[in-house]
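Below, each chain spelled out in residue letters.
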Amino acid sequence: TLEIIRVNSGSIWLYDTATDQIKLSIHKNWGGENSEVFVRPGEGIPGLVVKSGNGIISHEFCSDLRIPEKNRTDTQKGVGGACIPLFSNENIVGVLFIHVNLPREISPGDVRILHALAEIGGNAIHRAHLLEQSIKQIEQLNSLRTIDFAISTLGLDSALKTVLDQVISQLKVDAAAVLLIQPGTQNL
């Protein structure tokens with residue numbers, strides 16, 4: 001995207017509906033190297049775009065009255081650009097954010113290209129999420145098959161070890177235990 005638009009600074013922010021956070025996922029020449037940056041819908045320019053679902057194209061962000069004052073003061077003078085929503089179907093999955101230094105401005109042709117790339121990107125991100133879900137489901141089914149095989153062919157101790165190994169692997173925990181009731185005492 002940066003190459004096509006002929007700019008050297010931009011980022012992609014992904015929206016996690018479960019946490020209601022928008023995370024800076026990848027960036028190039030975006031200032032600091034801290035990639036653990038989060039905003040909520042309505043916060044910062046990416047949050048404004050996620051909340052409204054509408055892109056922001058600006059000559060200079062710090063003087064754009066469409067952007068709340070707090071967000072304007074957080075932006076550098078002489079920097080404009082575009083923040084375009086990434087959609088998949090009707091759902092927003094993030095934003096594509098491009099910076100340009102004045103006197104350069106984002107042209108109408110650039111905006112058309114950015115919208116096309118945002119549409120492609122939003123659908124690609126959605127497909128990647130679906131692939132991750134499919135892989136996770138396959139891993140879970142393989143674990144169930146492994147447990148089923150262990151229960152039907154191995155002794156109790158080996159079957160329980162297999163169950164624990166699969167629980168630790170699938171839940172990504174450090175430890176797990178199976179407690180058995182001692183016959184006649186009702187103690188574990």
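Before any of the text, the structure's been laid out above.
Residues numbered from 1 in each chain as written. Predicted model: local features only at pLDDT ≥ 70, side-chain atom pairs only at ≥ 80, totals over all residues. Heavy atoms only, no water.

Quick look at the state of the cysteines
So, point 1. Taken as a whole and judged by the stated rule, the model has zero disulfides.
So, point 2. Unpaired in this structure, Cys62 has its nearest cysteine sulfur neighbour in Cys83, at a distance of 16 Å.
So, point 3. Residue Cys83 is classed as buried on the basis of its relative accessible area, which comes to 0%. (Disulfide = S-S within 2.5 Å. Buried < 20%, exposed > 50% of the residue type's maximum accessible area, 1.4 Å probe, protein only.)

With respect to unusual backbone geometry
So, point 1. Cis geometry is adopted by the peptide bond preceding Pro103, which originates at Leu102 and carries an omega value of 15°.
So, point 2. The residue Pro103 is located in the loop between strand E6 (91-101) and helix H4 (108-153) in this model.
So, point 3. One non-glycine residue, Arg6, lies in the positive phi region at around 65°.
So, point 4. Tracing the backbone through its elements, the reader meets Arg6 in the loop between helix H1 (2-5) and strand E1 (9-16).
So, point 5. One non-glycine residue with positive phi stands out, namely Gln186, at about 60°.
So, point 6. For Gln186, the position within the fold is in the segment after helix H5 (156-171). (Helix = DSSP H or I, 4+ residues; strand = E, 2+ residues; numbered from the N terminus.)

Brief notes about the packing of H4 against H5
So, point 1. At their nearest, the axes of H4 and H5 sit 8 Å apart, and the two run at 170° to each other. The angle between H4 and H5 falls in the class roughly antiparallel. Taking contact as the criterion, the partners of Lys136, Glu139, Gln140, Ser143, Thr146, Ile147, Ala150 and Ile151 in H4 are, on H5, Ala159, Thr162, Val163, Gln166 and Gln170.
So, point 2. Here the contact of H4 with H5 is built from residues that sort into five nonpolar, six polar and two charged. (Axes fitted to C-alpha atoms, helices over the stretch in contact; angles between N-to-C directions. Parallel < 35°, antiparallel > 145°, perpendicular 65-115°, else oblique. Contact = heavy atoms within 4.5 Å. Nonpolar A, V, L, I, M, F, W, Y, C, P; charged D, E, K, R; others polar.)

Some thoughts on the side chain of Ser88
So, point 1. Relative to the helices and strands, Ser88 is located in strand E5 (residues 79-88).
So, point 2. Here His126 takes part through its side chain, which lies 3.4 Å from a polar atom of the side chain of Ser88.
So, point 3. Beyond its immediate sequence surroundings of up to four residues, Ser88 is in contact with Val93, Gly122, Asn123 and His126. (Polar contact = N/O pair within 3.5 Å; in protein donor to acceptor, adjacent residues only side chain to side chain.)

Here's the deal with helix H2 (residues 44-52)
So, point 1. Buried residues dominate H2, accounting for seven of its nine residues.
So, point 2. Residues of H2 that are buried include every one of Gly44, Ile45, Pro46, Gly47, Leu48, Val49 and Val50, and no others.

Details of the nonpolar core
General note: in soluble globular proteins, nonpolar side chains tend to be found buried as a group.
So, point 1. Residues Trp13, Ile45, Ile56, Phe61 and Phe97 are the most contacted members of the largest nonpolar core, which totals 17 residues.
So, point 2. When residues of this core are traced back to their parent elements, those giving at least two are strand E2 (21-28), H2, E5 and E6.
So, point 3. With four residues, the single largest contributor to this core is H2.
So, point 4. The residues touching Phe97, leaving out its near neighbours within four places in the chain, are Ser9, Gly10, Ser11, Trp13, Trp30, Ile45, Pro46, Phe61, Ala82 and Cys83.
So, point 5. If you look at the next biggest cluster of nonpolar residues, it comprises 15 residues, including Ala82, Ile84, Ile98 and Val100. (Core = buried A, V, L, I, M, F, W, Y, C linked by side-chain atoms within 4.5 Å.)

Let's talk about the environment of Asn8
So, point 1. Note that Asn8 resides in the loop between H1 and E1.
So, point 2. Given the relative accessible area of 48%, Asn8 is considered partly exposed.
So, point 3. Setting aside anything within four residues of it in sequence, one finds Asn8 in contact with Leu2, Lys28 and Asn29.

A closer look at the pattern of salt bridges
So, point 1. Considering all chains together, one arrives at three salt bridges under this definition.
So, point 2. Between Asp110 and Arg104 there is a salt bridge; the shortest N-O distance is 3.0 Å.
So, point 3. You can call Arg104 partly exposed: its relative accessible area is 24%. (Salt bridge = Lys/Arg side-chain N within 4 Å of Asp/Glu carboxyl O.)

Everything listed here is a matter of coordinates, which is why it stays silent on function.
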